[in-house]
Structures are given as structure tokens and as C-alpha cells.
Amino acid sequence: MTHFRFGFNLCLALLVLLIMGCEGGLEPPLEDPEPVGVIIGTVTYSGEWPPEDELRLLFFVPLPFIPNQFSDILLEIDNLRTSDELKRNVDEDTFIVDEVLNGAYVYNIIANQFGPQILLDWRPLGVYTENDGVIIVEGDTTEISIHVDFNQLPPFPPEP
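Residues numbered from 1 in each chain as written. Predicted model: local features only at pLDDT ≥ 70, side-chain atom pairs only at ≥ 80, totals over all residues. Heavy atoms only, no water.

Caption draft 1: Quick peek at the side chain of D121. Within the secondary structure, D121 sits in the loop between β5 (107–113) and β6 (122–127). R56 provides the closest opposite charge to the buried, salt-bridge-free D121, at an N-O distance of 6.3 Å. With sequence-adjacent residues up to four places away left out, D121 is seen in contact with N112, Q113, F114, G115 and P116. (Helix = DSSP H or I, 4+ residues; strand = E, 2+ residues; numbered from the N terminus. Buried < 20%, exposed > 50% of the residue type's maximum accessible area, 1.4 Å probe, protein only. Lys, Arg positive; Asp, Glu negative; His and termini not counted. Salt bridge = Lys/Arg side-chain N within 4 Å of Asp/Glu carboxyl O. Contact = heavy atoms within 4.5 Å.)

Caption draft 2: Looking closely at the packing of aromatic side chains. Tallied over the entire structure, the rule returns six aromatic pairs. In textbook terms, an aromatic cluster arises when at least three aromatic residues are bridged by ring pairs, as seen for Y45, W49 and F150. (Phe/Tyr/Trp six-rings, centres within 6.5 Å; stacked < 30°, edge-to-face > 60°.)

Caption draft 3: Up close: the confidence of the model for the protein chain. On average, residues of the protein chain carry a pLDDT of 85, and 79% of them reach 70 or more. Across residues 14–18 the pLDDT falls below 50, and counting only partners more than four positions away or on other chains, this stretch makes zero contacts in the model. (pLDDT = per-residue confidence, 0-100.)

Caption draft 4: Structural context of the pattern of salt bridges. Enumeration over the complete set of coordinates arrives at two salt bridges. In this structure, E54 engages R123 in a salt bridge whose closest nitrogen and oxygen atoms are separated by 3.5 Å. Note that E54 is positioned in the loop between β1 (36–46) and β2 (57–63) and R123 in strand β6, a separation of 69 residues in sequence. One salt bridge connects R88 with E85, and the closest N-O pair in it is separated by 2.3 Å. For E85, a relative accessible area of 38% gives the class partly exposed.

The structure is reproduced here in C-alpha cells:
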């Protein structure tokens, strides 16, 4: 009788462990997203382009914060990802930003170096506004579009 009770208790314990160990049947476990994603975008332009000497560099820059001054961006320069340099004097261009860390990007701009001082002479030419201006990266490819209107450049620092 004690052997029967021991065998029964052992089978019951194994059954409980088996049930507790099964979470999704025969489905494979869900994978965590990749730690980085990609932003692919299209930028369109309207209005008259500024003179060439005001278009020294032109990039798309996703920022996970809203800067109060340009030095806020400089403090994070080691952590920033940007597109390759954008074309000038075109109606439209495309860009890719690889290896963007997962997270929310809340201030996403076409950045322009407009003067000779590489650490000071920057301004946004266009700001991403769809989805309340927020880009969410979750280990995937996110496609966006952004518009630059040279007749109505966004303020910097951004207005609350």
C-alpha cells in the first residue's frame, strides 16, 4: 500500500511539474526583438532652396529627446545615428538610418549645417510630424516621410 501511495504521489508530482512547465503547447517561444532597427524615409522639398554656402551638410537625425538648445544635441553626439548626407536641389530624396537602438524618437529632423562653424551652425529644415512626431523602433524597419518647406522653416528650439 505504501508503494502504491508513493508511486501515485510521484506520478502526481510529475504531472504537476509537466503542466507548470508548459506555457504554449508545442509553439516555439516568442523571440525578443532585435536590439536595433532601421529607419527608411522619404524627404520632399518645396520652396526655393537656400544658397549653396548655406547647405554645407544635410542629414536626417532621429533624436530620443527634445533639445532646448543645440548644445543638448552635441552632448549626445556619440549616441546619435544619422542618415548619409542628403542630396541638394532635388524635389525628393530617400534616406536610411541603420542600427537605430530600440525606443521612441520624439524629435526627428532634417538637420542642416548652414555656416562654417561645424559645432554651432546647425538648424532644422523639416520636422517629422506624423504620429505626433514620434518614431517607435522595435528591432524592425520603420518607414517615414518628412517634408521641408523652405518658405516656412521650423523654429529652433522647438516650441512646446
